[in-house]
Amino acid sequence: QETVFGEISPEALLEKYEWFKDASATLDKKIADIKVYQTRITNMDKSYEGTQRKDWARTDLDDYNLWTSELAGIKASYNSLAAQYNSEMAKFNWRFANIGDLPKGATEPLPREYKPYQEA
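The structure reproduced in this document is the subject of the present report. Remember, it's a predicted structure, so these values are computed and weren't measured experimentally. Chains are numbered independently. Their residues run from 1 in the order of the written sequence. Restriction of local features to residues with pLDDT of at least 70 applies here, the model being predicted, together with a cutoff of 80 or more for giving and counting side-chain atom pairs; totals for whole chains, interfaces and linings are based on all residues. Based on all heavy atoms of the structure, the side-chain values leave hydrogens and waters out of the count.

**A closer look at helix H3 (residues 58–91)**
Each α-helix turn comprises 3.6 residues. Residues three or four places apart therefore point the same way. Put simply, DSSP H or I for four residues or longer makes a helix, DSSP E for two residues or longer makes a strand, and each gets a number counted from the N terminus. Take the number of residues in a helix, subtract one, and multiply by 1.5 Å to get its expected span. Compared with an ideal rise of 1.5 Å per residue, which puts 34 residues at 50 Å, H3 spans 50 Å between its outermost C-alpha atoms and is within 8% of the ideal. Burial classes follow relative accessibility: with a 1.4 Å probe on protein chains only, a residue under 20% of its type's maximum area counts as buried, one over 50% as exposed, and anything between as partly exposed. Buried within H3 we find Leu 61, Tyr 64, Trp 67, Leu 71, Ile 74, Lys 75, Tyr 78, Leu 81, Ala 82, Tyr 85, Asn 86 and Met 89. In this structure, the buried residues of H3 make contact with helix H2 (10–47). Contact definition: two residues touch when any of their heavy atoms are within 4.5 Å.

**A closer look at H2**
Across its 38 residues, H2 extends 55 Å between first and last C-alpha, which sits within 8% of the 56 Å expected from 1.5 Å per residue. When H2 is considered as a whole, its buried residues turn out to be Ala 12, Leu 13, Tyr 17, Phe 20, Ala 23, Ser 24, Leu 27, Lys 30, Ile 34, Tyr 37, Ile 41 and Met 44.

**Here's the deal with the side chain of Lys 30**
Take Lys 30: it is sitting in helix H2. Of the side chains with opposite charge, Asp 33 comes closest to the buried, unpaired Lys 30, at an N-O distance of 6.6 Å. Throughout this description, a polar contact denotes any pair of N or O atoms lying within 3.5 Å of each other; where both atoms belong to protein, one of them has to be capable of donating a hydrogen while the other can accept it, and for residues adjacent in sequence the pair is counted only when both atoms sit in side chains. A polar atom in the side chain of Lys 30 sits 2.7 Å from the side chain of Ser 77. When charges are tallied, Lys and Arg are placed among the positive residues and Asp and Glu among the negative ones, while His and the ends of the chain are skipped. Any carboxyl oxygen of Asp or Glu within 4 Å of a side-chain nitrogen of Lys or Arg constitutes a salt bridge here.

All we've got here are geometric facts, nothing functional implied.
Below, the structure written as structure tokens:
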């Protein structure tokens, strides 16, 4: 019984809520970062439209390669944290996602799930 109470005590619920809140904010940042990199890549593609990559300026080619590599890393990181978030949210009937059922000290409901995962 102590174990159950320890898991659902107000303090434990607030700590779990805060983890979800932090994870949600991190996922939102990753989504914004993905959009930034995608915009950079799209703009570079447009500026070199009709030009073979071998003919691009070396600095632009280096930047482009760096951006695509960083974008892939952010997407992989997003997918990993989103999978963890979704798994943790599904393990228990988390009331964190319901208005009116938040733990004391919490101010807003959280998403029940982050999807779709980021792909190439």
